[in-house]
Amino acid sequence: MSLLVVGSVALDSIYTPFGETADALGGSAVYFSVAGSLLNPVKVVGVIGQDYPVKELEQLAARGIDWSGVERATGESFRWKGKYSYDLQSRETLETRLGVFATFDPKLPESHRDAEYVFLGNIDPELQLGVLSQMRAPKLIACDTMNYWIQGKRPQLMELLARVDILMVNDTEARELSGDWNIHRAARWILARGPKRVVIKQGEHGALLMEPDRTFYVPAFPLEEVFDPTGAGDAFAGGFMGYLARSRQTSPDSMRRAMVYGSTMGSFAVAGFGVKGFDAIDLGDVLARVQMFADFTHVPLAERIE
Ligand code: AMP
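Keep in mind the model is a prediction, meaning the values are calculated, not measured.

Caption draft 1: Highlighting the packing of helix α6 (residues 171-178) against helix α7 (residues 183-191). Two numbers describe how α6 lies on α7: the axes approach to 9 Å, and their chain directions differ by 60°. Taken together, the axes of α6 and α7 lie oblique to each other. The interaxial crossing formed by α6 with α7 has left-handed handedness. In this structure, α6 uses D171, A174, R175, L177 and S178 to contact α7, whose residues at the interface are I183, A186, W189 and I190. Class assignment for the residues of the contact of α6 with α7 results in six nonpolar, one polar and two charged.

Caption draft 2: Highlighting the layout of surface pockets. Looking at the second largest pocket, its volume works out to about 240 Å³. L25, E56, V275, K276 and D279 are, among the 14 residues lining the second largest pocket, the residues nearest its centre. For the lining of the second largest pocket, the secondary structure elements donating two or more residues are β3 (19-26) and α2 (54-61). Among the residues making up the lining of the second largest pocket, the classes are represented as seven nonpolar, three polar and four charged.

Caption draft 3: Spotlight on the packing of helix α8 (residues 232-247) against helix α9 (residues 252-269). At a minimum axis separation of 7 Å, α8 and α9 run at an interaxial angle of 140°. Considered as vectors, α8 and α9 are oriented oblique to each other. With respect to the hand of their crossing, α8 and α9 are arranged in right-handed fashion. Contacts between α8 and α9 involve A232, A235, F236, G239, F240, Y243 and L244 from the former and S254, M255, R257, A258, M259, Y261, G262, S263, M265, G266 and A269 from the latter. Class assignment of the residues belonging to the contact of α8 with α9 gives a composition of 12 nonpolar, five polar and one charged.

Caption draft 4: Spatial organisation of unusual backbone geometry. Of note, the phi angle at D23 is positive, near 50°, even though the residue is not glycine. One non-glycine residue, R248, lies in the positive phi region at around 55°. Examined against the element boundaries, R248 turns out to sit in the loop between α8 and α9.

Caption draft 5: Examining the sheet that holds strand β1 (residues 3-6) more closely. If you walk across this open sheet you meet the nine strands as β5-β4-β1-β8-β9-β10-β11-β12-β13, and the pairing is mixed. Strand pairing shows two members of the sheet lacking a second neighbour, β5 (65-72) and β13 (214-218), which therefore form its edges. Taking each pair of neighbouring strands and ignoring which way they run, the sheet shows an average axis angle of 15°. For strand β8 (residues 117-120) and strand β9 (residues 140-143), the ladder comprises four bridges, and the chain directions are parallel. Each residue of the ladder has a partner; that of L120, found in β9, is C143. The strands touched by helix α3 (residues 125-134) within the sheet are β1, β8 and β9, with β8 carrying the most contacts at an inclination of about 165°.

Caption draft 6: Summary view of the sheet that holds strand β7 (residues 91-97). Here we have four strands laid out as an open sheet, ordered β3-β2-β6-β7, and mixed in their pairing. Looking at strand neighbours, the two that pair on one side only are β3 and β7, the edges of this open sheet. Pairs of neighbouring strands in the sheet enclose a mean axial angle of 15°, with direction left out of account. Relative to strand β6 (residues 78-84), strand β2 (residues 10-16) runs parallel, the two being bridged by six bridges. Bridge pairing links I14 to G82 in β6.

Caption draft 7: Region of interest: the side chain of S267. One can find S267 in helix α9. Of the polar contacts made by the side chain of S267, one reaches the side chain of R289; its length is 2.8 Å. Ignoring sequence-local partners within four residues, the contact set of S267 consists of F221, L223 and R289.

Caption draft 8: Spotlight on the pairing of strand β11 (residues 197-201). Counting buried residues along β11, five of its five residues qualify, which places the element largely inside the surrounding structure. In β11, alternate side chains face the same way, and those of R197, V199 and K201 on one face and V198 and I200 on the other are all buried. Where strand β10 (residues 166-170) meets β11, five bridges bridge the pair, whose relative direction is parallel. Residue pairing in the sheet places V169 in a bridge with I200 of β11. Summarising the sheet, β11 and strand β12 (residues 207-211) pair through four bridges and their orientation is antiparallel. From the neighbouring strand, V199 faces β12, where its bridge partner is L209.

Criteria and thresholds
- Residues numbered from 1 in each chain as written.
- Predicted model: local features only at pLDDT ≥ 70, side-chain atom pairs only at ≥ 80, totals over all residues.
- Heavy atoms only, no water.
- Axes fitted to C-alpha atoms, helices over the stretch in contact; angles between N-to-C directions.
- Helix = DSSP H or I, 4+ residues; strand = E, 2+ residues; numbered from the N terminus.
- Parallel < 35°, antiparallel > 145°, perpendicular 65-115°, else oblique.
- Left-handed = near helix turned anticlockwise from the far one by under 90°.
- Contact = heavy atoms within 4.5 Å.
- Nonpolar A, V, L, I, M, F, W, Y, C, P; charged D, E, K, R; others polar.
- 1 Å grid on protein atoms, 1.4 Å probe; cavity = no way out; pocket = protein on both sides within 12 Å on 5 of 7 lines; lining within 4 Å.
- Points joined across faces, edges and corners; volume = space filled by probe spheres on them.
- Pairing = 2+ DSSP bridges.
- Polar contact = N/O pair within 3.5 Å; in protein donor to acceptor, adjacent residues only side chain to side chain.
- Buried < 20%, exposed > 50% of the residue type's maximum accessible area, 1.4 Å probe, protein only.

Listed below in structure tokens is the structure:
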């Protein structure tokens, strides 16, 4: 099944208490595709400038990532600089340089318009709507957004919500979008605006899947070493959508399994700087970690209370 992601292809400079990187491969589409391609080939739509290390992207193509939909524009690539607090709980954006991303207007190559599984990474909701208008018959559409669009492009975002199957956001974004501090009520508010499902990511506290009639929760994988939380949410989305595309499913139970694949990919993302956490990971490692999730979340209920 074909899986498409539209999002940022960035050069990230990240500072954590454990070290720093400069101009490392990053961006929502990169994290998504590096994680998702462990399960299903991924086609990427994005934009890079003339300064982007194209060779590094091409090396990743061997994992099953198709970069042919990434436009090469004249100018500087999108750059993002962020710094984490000592406990990695909060992050400050030091700099965002949009470069060629400022005038990005995604044009899907003919070969990408038939994709069945689509993830609209965090870009202007007008552009996300523009991508949807170029697609033929997507089977499942998920999207992300951020505070900037929630504040600045609310009407367009609401129009988008009515057209997607799943909104995947973090808890702060869900609160801001709904105006409600309680994430369960916030998710309910979002469900009433169109999406059939809402996924709310809560970092080290796991992720919630809310559907109209039931709720599912997946913890984060218990890790003793965390180096860089950047991109965990996009890697989660890559695992979630990659699993659904691979299994060719959209059933309620497959959504629960997809949550576990999402959380698994999030755990690989945070274990190294940038996308390095995925360097030595193959499908066997993913499946082993998914099995561990099944084990450590299993509750062996007694038939009756003794
Ligand atoms: P996350 O940790 O899930 O928030 O994702 C971090 C990634 O988002 C980094 O790789 C950044 O390059 C990218 N990013 C940061 N700001 C933006 C933005 N305004 N638009 C698109 N991507 C962004």
